[in-house]
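Chain and residue survey
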Amino acid sequence: MEQETFPDELADALVGVQRLIRRRLRREMPAPQLRGAEVELLRLVVERPGIGISDAAKELFLAGNSVSTLVNQLGRQGYLVRETDPADRRAARLLPTPAAAARLTEWRTRRAELVRRQVSRLDEPDRETLLAAIPALRRLADTLREEAE
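The sections below set out a description of the structure shown in this document.

Moving on, we get to a negative patch on the surface. Residues Glu-2, Glu-4, Asp-8, Glu-9 and Asp-12 make up a contiguous surface patch of negative charge. Classification of Glu-4 by relative accessible area gives exposed; the value is 61%.

Turning our attention to helix 2 (residues 36–47). Here helix 2 contains 12 residues, and its C-alpha end-to-end distance of 17 Å stays within 8% of the 16 Å for a straight helix at 1.5 Å per residue. All of the buried residues in helix 2 are Glu-38, Val-39, Leu-41, Leu-42, Arg-43, Leu-44 and Val-45.

Here we take up the side chain of Glu-38. Tracing the sequence through the fold places Glu-38 in helix 2. Despite its burial, Glu-38 pairs with no opposite charge, the nearest such side chain being Arg-35 at 4.4 Å.

Two strands pair when backbone bridges link them, and strand 1 (residues 80–85) and strand 2 (residues 88–96) are joined in this way by 6 bridges, in the antiparallel orientation. Residue pairing across strands places Arg-82 opposite Leu-94, the latter belonging to strand 2. What sits between strand 1 and strand 2 in their antiparallel hairpin is a turn of 2 residues.

A word on helix 5 (residues 98–120). Taking 1.5 Å as the rise per residue, helix 5 with 23 residues should run 33 Å; its terminal C-alpha atoms sit 33 Å apart, in good agreement. Within helix 5, the full set of buried residues consists of Ala-100, Arg-103, Leu-104, Trp-107 and Leu-114. Taken together, the buried residues of helix 5 touch helix 1 (6–28), helix 2 and strand 2.

It is worth spelling out the layout of surface pockets at this point. If you add up the space inside the largest pocket, you get close to 2,100 Å³. Lining the largest pocket are 41 residues, and of these Leu-14, Val-17, Gln-18, Ile-21 and Leu-137 sit closest to its centre. Within the residue set of the lining of the largest pocket, elements represented by two or more residues are helix 1, helix 2, helix 3 (53–60), helix 5 and helix 6 (124–148). Take the lining of the largest pocket: its biggest share by element is 14 residues, from helix 6. Among the residues forming the lining of the largest pocket, the class breakdown is 25 nonpolar, 3 polar and 13 charged. Taken as a whole, the second largest pocket spans an internal volume of roughly 150 Å³. Lining the second largest pocket are 13 residues, with Arg-22, Leu-34, Gly-36, Val-39 and Trp-107 sitting closest to its centre. The element best represented in the lining of the second largest pocket is helix 1, accounting for 4 residues. Here the lining of the second largest pocket is composed, by residue class, of 5 nonpolar, 3 polar and 5 charged.

Rules of the game
For every chain, the first residue of the written sequence is number 1, and numbering continues from 1 onward in sequence order. pLDDT decides what is reported in this predicted model: residues at 70 or higher carry local features, side-chain atom pairs at 80 or more are listed and counted, and totals for whole chains, interfaces and linings draw on all residues regardless. The basis for every side-chain value is the complete set of non-hydrogen atoms in the structure, without hydrogens or water. Note that patches include only residues with greater than 30% relative accessible area and no salt bridge, and the join distances are 9 Å for like charges and 5 Å for nonpolar side chains (Val, Leu, Ile, Met, Phe, Trp, Tyr). Throughout, the Shrake-Rupley method with a 1.4 Å probe supplies accessible areas, and for residues the shown protein chains are the sole cover considered. Whenever a carboxyl oxygen of Asp or Glu lies within 4 Å of a side-chain nitrogen of Lys or Arg, that contact is scored as a salt bridge. In this tally, Lys and Arg are treated as positive and Asp and Glu as negative; His is ignored, and so are the chain termini. Note that the charge is assigned to NZ on lysines, CZ on arginines, CG on aspartates and CD on glutamates. Burial here depends on accessible area, computed with a 1.4 Å probe over protein chains only, as a share of the maximum for the residue type. Under 20% is buried, over 50% is exposed, and the range in between is partly exposed. Only runs of H or I of at least four residues qualify as helices and only runs of E of at least two qualify as strands under DSSP, and these elements are numbered from the N terminus. Any helix carries an expected span of 1.5 Å times its number of residues minus one. In this description, strands pair whenever DSSP reports at least two bridges between them. The criterion used for residue contact is that any of the two residues' heavy atoms lie within 4.5 Å. Grid points spaced at 1 Å and placed over the protein atoms alone form the basis of the search, with a cavity being a set where a 1.4 Å probe fits but cannot get out and a pocket an open set showing protein on both sides within 12 Å along at least five of seven lines. Lining residues have an atom within 4 Å of a point. Grid points are joined across faces, edges and corners, and a volume is the space filled by probe spheres set on the points. Polar here means any residue other than Ala, Val, Leu, Ile, Met, Phe, Trp, Tyr, Cys and Pro, which are nonpolar, and Asp, Glu, Lys and Arg, which are charged; Gly is therefore polar.

Next up, the structure:
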């Protein structure tokens, strides 16, 4: 791989893997089908219950009105509760429902099993290379997040 093509090839590989994982999981998960942005918002709200819409938008790098739309959709599906923030009656806090936590647990379990199966099909040197790359990929994600903030 040439040094000048490395960034494009890395980005394409990462996007391709993520897209295929998401598509496979979407097919296997029970209804309702959730889009990637909906899953990301659910993950954030489960990790940070009580987060506001504007903070969620910043964290996910989305517009506030996009997050509001996602909140409305997830609320109708029984995954999120939107309540008034007692400290600021104009703001809303987002809380996960038990159904959201269960959905994410199932999603994580299925994702881990899918990746485990596929990685086991690789030869040992490829598995070792992927394992060794994880810290660098995490640092890359951190620098991307820092730069965006």
